[in-house]
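# Results of the structural survey
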Amino acid sequence: MSWQNSILRAPLVPVAALATTGIILDRAFTIDWPVWGIVAIAGVGLWLLVLRNTRFAIWGLALALAGVAALHHHVHRNIFPPDDIGFIVGDEPKLVRLRGRVIDE
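Quick caveat, the model's predicted, so the values are computed rather than measured. (Residues numbered from 1 in each chain as written. Predicted model: local features only at pLDDT ≥ 70, side-chain atom pairs only at ≥ 80, totals over all residues. Heavy atoms only, no water.)

### Some thoughts on the overall build of the protein
Secondary structure summary: the protein contains four helices and zero strands in total. N-terminal to C-terminal, the α/β element order of the protein is α-α-α-α. Over its C-alpha trace the protein gives a radius of gyration of 21 Å, far above what one expects of a compact globule, namely 13 Å for 105 residues. Viewed in the frame of its principal axes, the protein has a C-alpha envelope of about 60 × 40 × 30 Å. Here the contacts in the protein between residues at least 6 apart in sequence split such that 58% fall between residues at least 24 apart. Carbon and sulfur atoms form 66% of the exposed surface of the protein, whose accessible area is close to 9,300 Å². Here the protein contributes 9 positive and 8 negative side-chain charges, whose respective centroids are spaced 10 Å apart. (Helix = DSSP H or I, 4+ residues; strand = E, 2+ residues; numbered from the N terminus. Rg over C-alpha atoms; globule rule 2.2 N^0.38 Å. Contact = heavy atoms within 4.5 Å. Areas by Shrake-Rupley, 256 points an atom, 1.4 Å probe, with all protein chains shown as cover. Lys, Arg positive; Asp, Glu negative; His and termini not counted. Charge placed at Lys NZ, Arg CZ, Asp CG, Glu CD.)

In structure tokens form, the structure reads like this:
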């Protein structure tokens, strides 16, 4: 068996491809996080609705996986805690002096 066929038969290759697709879609389009959540829930709903028909159930799982990956990427890339330093600093770079003390080694 050639290495191309073995890659295509690997069980996690479609999962990685779908997750990558979700991340690329999140990077390419400005879509808010609730939309990605709805996409993921719609995928799970489609999967549960057509569980007997394998062909459509796979499309539901694919939609859910891409939606979850896009949601995860969006939350980690665009949502920050309220005390994040990015809210304090401006756009212009400037020199600062930082002092600290090591309490525990």
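### Quick look at the environment of V39
Within the fold, V39 resides in helix α3 (residues 33-49). According to the relative accessible area criterion, V39 is partly exposed, its value standing at 24%. C-alpha of V39 to C-alpha of G67: the two residues are 28 residues apart in sequence and 5.4 Å apart in space. Those residues in contact with V39 that sit more than four places away from it in its chain are L63 and G67. (Buried < 20%, exposed > 50% of the residue type's maximum accessible area, 1.4 Å probe, protein only.)

### Describing the packing of helix α2 (residues 13-28) against helix α4 (residues 54-78)
Relative to each other, α2 and α4 sit at 50 degrees, their axes nearing to 7 Å. If you check the angle between α2 and α4, you find them oblique. Crossing angle aside, the handedness with which α2 passes α4 is right-handed. Where α2 approaches α4, its residues V15, L18, A19, G22, I23, D26 and R27 are matched on the opposing element by A62, L65, A66, A69, A70, H73, H74 and R77. (Axes fitted to C-alpha atoms, helices over the stretch in contact; angles between N-to-C directions. Parallel < 35°, antiparallel > 145°, perpendicular 65-115°, else oblique. Left-handed = near helix turned anticlockwise from the far one by under 90°.)

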